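The primary structure of each chain is shown beneath.
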Amino acid sequence: MARLRLGGMEENEEKKVDSPARKLSGVSCDAHAPLVSSYNDRIRPLLDAVDELRRLKVMQEGIQLPTIVVVGDQSSGKSSVLESLAGISLPRGQGICTRVPLIMRLQNLPDRLLPPELHLEFHGKTVPSDETHVSEAINLATDEIAGDGKGISQTPLTLVVKKNGVPDLTMVDLPGITRVPVHGQPQDIYEQISNIIMEYIKPEESIILNVLSATVDFPTCESIRMSQQVDRTGQRTLAVVTKADKAPEGLYEKVTSDDVNIGLGYVCVRNRIGEESYNEARKEEARLFEAHPLLARIDKSMVGIPVLAQRLVHVQAMIISKCLPDIVKKINDKLNANLSELKRMPRHISSVAEAMTTYVQVIGLSKESLKKILMRGEFGEYPDDKEMHCTARLAELLNNYSEQLHKSAVVDGTDGNFLMEEIRVLEETKAMWLPNFVPRSAFLAVLQTKVNKISDTPVELIAKVWNYIEKVVTEVLMHHCENYPQLHSSTRRAAQNLVAKMKDKSTERVLEMVDMEKLTDYTSDPEYMTLWSKLMEKNNVFTEIMNDYSEPTTLDIEGFGEIEVGHLRAFPKDIRDQAFDMKMRITAYWKIVLKRLVDSMALHLLLSIRNLVGRDMEMEMVSEVMSPDHGGGIERMLEESPPVSKKRKRLQKSVKLLKDSQKVIAMIMDKIAISAD
């Protein structure tokens with residue numbers, strides 16, 4: 001952005017002019033001389049722009065405006081200072097006189113013959129007033145805003161003063177700080193006032209005008225403590241010291257030693273006394289600081305209302321010039337963000353055809369999201385939500401299922417019961433046939449026992465998987481139809497019904513898988529014969545141990561470890577050999593069974609998920625929303641939900657405000673450019 005120019009003078013050039021300390025030492029005390037004349041014409045356009053932005057309430061959009069904030073302890077003389085700057089009478093009395101933030105907009109009228117113009121702005125209305133009745137008008141407006149009594153309010157009241165001789169300034173006068181509530185004030189009056197003050201002085205764009213009484217020690221002032229909390233170095237704090245005539249002793253030392261870090265310096269003033277006119281008060285003030293033996297020591301660049309006015313105008317010009325480019329950027333950024341958010345909002349639906357089209361779009365977006373997270377492993381839409389990284393979570397469930405199944409493959413017999421189950425089954429299945437053959441009925445009996453032990457595991461996995469998928473599908477559907485709460489119940493119901501159907505199908509499928517494994521012993525996998533042959537290599541060693549009683553009674557078989565076999569010497573050889581052979585066969589075959597159960601489960605789930613996303617979900621959702629029992633969802637889409645309607649209105653209001661703010665900025669930029677030319 002181009003560098004701002006103040007009446008044809010660039011910002012960096014403006015810094016070259018004489019400082020207030022040098023320039024204002026000879027301020028005129030002519031009764032009719034304006035408090036500030038050199039800067040009014042230059043700063044006025046910028047100040048008008050900021051005042052208009054404040055009137056538009058752009059600060060509600062989080063955009064801070066450069067502001068001179070007047071703070072001070074109760075009875076510090078704030079009102080007297082503001083009266084002297086504005087040349088009007090403000091409310092006086094016991095206790096808190098300022099009960100609401102008072103925005104004072106002072107504007108110099110160049111023509112001395114023009115009568116002053118005063119009016120108040122609050123609650124969206126304008127109330128004219130005049131110099132005689134403005135104090136009463138402020139009191140009435142304050143009562144309307146904050147209520148009768150002595151309570152306070154955060155709602156601001158604006159006082160506009162257009163008058164010859166006043167400086168072009170905008171200031172916010174805040175309630176005086178009091179720690180002890182008086183009769184009629186709330187018990188937390190201090191906390192309420194503190195909160196208001198901190199809200200106004202905390203932004204970096206605020207200049208703090210701290211009003212201090214010469215009669216007190218500055219470090220003890222509550223207003224100093226508050227300003228130091230937000231401006232520790234004092235670089236945006238200016239102090240005005242009132243009642244200099246009441247406590248001249250030591251004042252010079254106070255304002256020159258600067259024990260409280262006032263970065264923008266001090267200005268000492270004399271309060272208007274009694275019925276003095278403002279012109280008379282200015283003359284008496286000038287005479288006081290010229291003639292008083294103690295006060296005359298203070299540099300003339302640090303005394304008098306005219307010096308204060310000039311200093312405030314300079315500071316105001318600098319803070320506005322510094323902040324305005326950033327304000328323009330923030331307005332543009334906020335406007336673009338709100339416009340983008342408006343575009344993302346669902347359009348207002350006016351017909352059933354539009355509603356149906358929108359609903360189909362919702363289904364389409366949901367399907368695409370589910371394809372990404374359930375099928376392709378893309379979780380860009382949910383980067384931080386691990387529960388929505390679905391392929392990883394499903395893989396974990398399948399791996400846990402596989403581990404649980406394979407625990408059943410841990411062979412028995414290491415506790416001294418090796419081959420005992422097989423011998424028992426062989427004894428119960430023997431019949432009149434040739435010896436040395438393993439009866440198929442015996443093999444199937446052992447196989448069926450092992451399958452029965454793990455039969456619940458696949459069913460449990462199906463329940464876990466589909467419960468998880470139901471949560472995922474519901475989350476995605478709710479996300480894509482969040483702007484249509486009238487569809488939430490039917491959409492959620494459709495997801496639940498769909499998953500319940502898929503779960504039933506899967507349960508039926510895995511029960512079939514289990515029954516097939518119990519039905520017969522079959523595999524074409526060559527790994528079975530390879531593993532069985534390898535296990536049977538230990539058969540000769542086993543036979544030697546059985547026949548030679550001098551041999552150790554332990555046998556080391558791969559997959560079994562070191563096992564005790566001495567107890568088997570008590571059984572006939574043919575039974576032992578049959579039991580050993582069957583044990584090795586069932587061990588080799590069981591690995592094939594487990595592999596089949598895991599692989600078949602994985603393939604089944606992948607197919608089921610594809611069918612759910614690619615085909616079944618759309619049919620279920622359309623059926624649900626069009627159902628005569630639960631229908632009406634499409635028609636209900638014509639009714640915009642209250643939260644969406646509220647959000648749309650809020651964004652539209654914000655966009656209008658920000659566009660109006662852009663126009664204000666554009667107009668002031670045009671004026672500055674014309675003035676520069």
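Just so we're clear, the structure is a prediction, and the values are computed from it rather than from any experiment.

Rules of the game
Residues numbered from 1 in each chain as written. Predicted model: local features only at pLDDT ≥ 70, side-chain atom pairs only at ≥ 80, totals over all residues. Heavy atoms only, no water. Axes fitted to C-alpha atoms, helices over the stretch in contact; angles between N-to-C directions. Helix = DSSP H or I, 4+ residues; strand = E, 2+ residues; numbered from the N terminus. Parallel < 35°, antiparallel > 145°, perpendicular 65-115°, else oblique. Left-handed = near helix turned anticlockwise from the far one by under 90°. Contact = heavy atoms within 4.5 Å. Patch = residues over 30% accessible without salt bridge, like charges linked within 9 Å, V, L, I, M, F, W, Y side chains within 5 Å. Areas by Shrake-Rupley, 256 points an atom, 1.4 Å probe, with all protein chains shown as cover. Salt bridge = Lys/Arg side-chain N within 4 Å of Asp/Glu carboxyl O. Lys, Arg positive; Asp, Glu negative; His and termini not counted. Charge placed at Lys NZ, Arg CZ, Asp CG, Glu CD. Buried < 20%, exposed > 50% of the residue type's maximum accessible area, 1.4 Å probe, protein only. Core = buried A, V, L, I, M, F, W, Y, C linked by side-chain atoms within 4.5 Å. Polar contact = N/O pair within 3.5 Å; in protein donor to acceptor, adjacent residues only side chain to side chain. pLDDT = per-residue confidence, 0-100. Phe/Tyr/Trp six-rings, centres within 6.5 Å; stacked < 30°, edge-to-face > 60°. Lys NZ or Arg CZ within 6 Å of the ring centre and 35° of its normal. Nonpolar A, V, L, I, M, F, W, Y, C, P; charged D, E, K, R; others polar. Pairing = 2+ DSSP bridges. Right-handed = clockwise from strand over helix to strand, strands pointing away.

Visitor: What is the right way to look at the packing of helix H14 (residues 440–454) against helix H19 (residues 573–626) in this model?
Guide: The axes of two packed helices give the description: the angle between them and the distance between them. Between H14 and H19, the least distance of the axes is 11 Å, while the angle of their chain directions is 40°. With respect to H19, the axis of H14 lies oblique. Crossing of H14 against H19: the hand is right-handed. The residues of H19 that touch H14, namely those facing Ala 442, Phe 443, Val 446, Leu 447, Lys 450, Val 451 and Ile 454, are Met 582, Arg 585, Ile 586, Tyr 589, Trp 590, Val 593 and Leu 597.

Visitor: What is the right way to read a negative patch on the surface from this model?
Guide: Together, Asp 384, Asp 385, Glu 387 and Glu 475 give the surface a local cluster of negative charge. Checked against the element boundaries, Asp 385 lands in the loop between helix H11 (352–376) and helix H12 (390–407). Residue Asp 385 is classed as partly exposed on the basis of its relative accessible area, which comes to 33%.

Visitor: Where do I start with the nonpolar core in this structure?
Guide: Here is a general trend for soluble globular proteins: nonpolar side chains tend to be buried in one another's company. Counting residues in each nonpolar core, the largest one holds 86 residues, and the members touching the most others are Leu 370, Ile 373, Phe 418, Ile 469, Val 565 and Phe 580. The dominant element in this core, judged by the number of residues it contributes, is H19, at 23 residues. Apart from the residues within four sequence positions on either side, Phe 580 is in contact with Phe 418, Leu 419, Leu 535, Met 536, Lys 538, Asn 539, Phe 542, Leu 555 and Ile 557. Among the nonpolar cores identified, the runner-up in size contains 64 residues, and Ile 88, Ala 137, Leu 308 and Leu 324 belong to it.

Visitor: Sorry, what's going on with the pattern of salt bridges here?
Guide: Two side chains bearing opposite charge may form a pair once their charged atoms approach each other closely. Scanning all chains against the criterion turns up 37 salt bridges. The shortest N-O distance in the salt bridge between Asp 143 and Arg 99 comes to 2.7 Å. Of the two residues, Asp 143 is situated in helix H5 (residues 134–146) and Arg 99 in the loop between helix H4 (78–86) and strand E4 (102–108); the sequence distance between them amounts to 44 residues. In this structure Arg 99 comes out as buried when scored by relative accessible area, which is 6%. Salt-bridge contacts for Glu 222 lead to Arg 225; the nearest nitrogen and oxygen are separated by 2.5 Å.

Visitor: What exactly am I supposed to notice about the side chain of Lys 78 here?
Guide: You can see Lys 78 is positioned in helix H4. Separated by 2.6 Å, the side chains of Lys 78 and Asp 173 make a polar contact. Residues in contact with Lys 78, not counting those within four places in the same chain, are Val 70, Val 71, Gly 72, Thr 98, Asp 173, Leu 174, Pro 175, Gly 176 and Val 211.

Visitor: Whenever I open this one, the confidence of the model for the protein confuses me. Can you help?
Guide: Caution applies to low-pLDDT parts of the model: their predicted coordinates are not meant to be read in detail. Across the protein, pLDDT averages 85, with 88% of residues at or above 70. Ignoring residues within four places in sequence, the model shows residues 1–33, a span with pLDDT below 50, making 68 contacts including any to other chains.

Visitor: Is there a simple way to explain the packing of aromatic side chains in this structure?
Guide: The description of an aromatic ring pair uses the distance of the two centres, along with the angle that the planes make with each other. Applying the stated rule across the entire model yields 5 aromatic pairs. Plain terms: the ring middles of Phe 418 and Phe 560 are 5.7 Å apart, the flat faces sit at 85° to each other, and that makes the pair edge-to-face. Placement of Phe 418 in the loop between H12 and helix H13 (420–429) and of Phe 560 in the loop between strand E12 (554–557) and strand E13 (561–564) is noted, with a sequence separation of 142 residues between them. As far as burial versus exposure is concerned, Phe 418 and Phe 560 are alike and both buried. On the basis of an interplanar angle of 90° and a centroid distance of 6.2 Å, the ring pair of Tyr 528 and Tyr 589 is categorised as edge-to-face. In this pair, Tyr 528 sits in helix H17 (residues 527–536) while Tyr 589 sits in helix H19, placing the two residues 61 residues apart along the sequence. Residue Tyr 528 shares its accessibility class with Tyr 589, and that shared class is buried. Aromatic ring contacts, followed pair by pair, group Phe 443, Tyr 528 and Tyr 589 into a single cluster. Over the aromatic face of Tyr 252 sits the side chain of Arg 297, whose NZ or CZ is 4.2 Å from the ring centroid. Across from the ring centre of Tyr 549, 4.6 Å away, lies the NZ or CZ of Arg 569, which sits over that ring.

Visitor: I would appreciate a short explanation of the packing of helix H16 (residues 488–519) against H19 in the present structure.
Guide: The geometry of H16 relative to H19 is characterised by a closest axis approach of 9 Å and an angle of 155° between their N-to-C directions. In terms of orientation, H16 lies roughly antiparallel with respect to H19. In this structure, H16 meets H19 at a crossing whose hand is right-handed. Grouping the amino acids of the contact of H16 with H19 by side-chain chemistry returns 13 nonpolar, 7 polar and 8 charged.

Visitor: Got a minute to help me understand the sheet that holds E4 in this structure?
Guide: The strand order across the open sheet formed by 9 strands is E6-E5-E7-E4-E8-E3-E9-E10-E11, and the pairing between neighbours is mixed. Unpaired on one side and paired on the other, strand E6 (125–129) and strand E11 (266–268) mark the two borders of the sheet. The sheet shows a mean angle of 25° between the axes of neighbouring strands, direction not considered. Of the pairings in the sheet, the one linking strand E3 (residues 67–72) to strand E8 (residues 169–173) comprises 3 bridges and is parallel in character. When the sheet's bridge partners are listed, Val 70 is paired in E8 with Asp 173. Where helix H6 (residues 189–201) meets the sheet, its contacts fall on E3, E8 and strand E9 (206–213), and the angle it forms with E3 comes to roughly 150°. Relative to E9, helix H7 (residues 222–230) is tilted by about 160°, and along the sheet it contacts E3, E9 and strand E10 (237–242).

Visitor: I'm lost on the pairing of E10 in this one. Help?
Guide: On a regular strand, each side chain points to the face opposite its neighbour's, so the side chains alternate between the two faces of the sheet. For E10, the tally of buried residues reaches 6 of 6 residues, placing the bulk of the element in the interior. Relative to E10, E9 runs parallel, the two being bridged by 6 bridges. The residue bridging Ser 213 from the neighbouring strand is Thr 242, located in E10. Sheet topology places E10 next to E11; 3 bridges connect them, and they run parallel. Across the sheet, the residue bridging to Ala 239 is Tyr 266, located in E11. The β-α-β motif built from E10, the intervening helix H8 (residues 251–257) and the parallel element E11 has right-handed crossover chirality.

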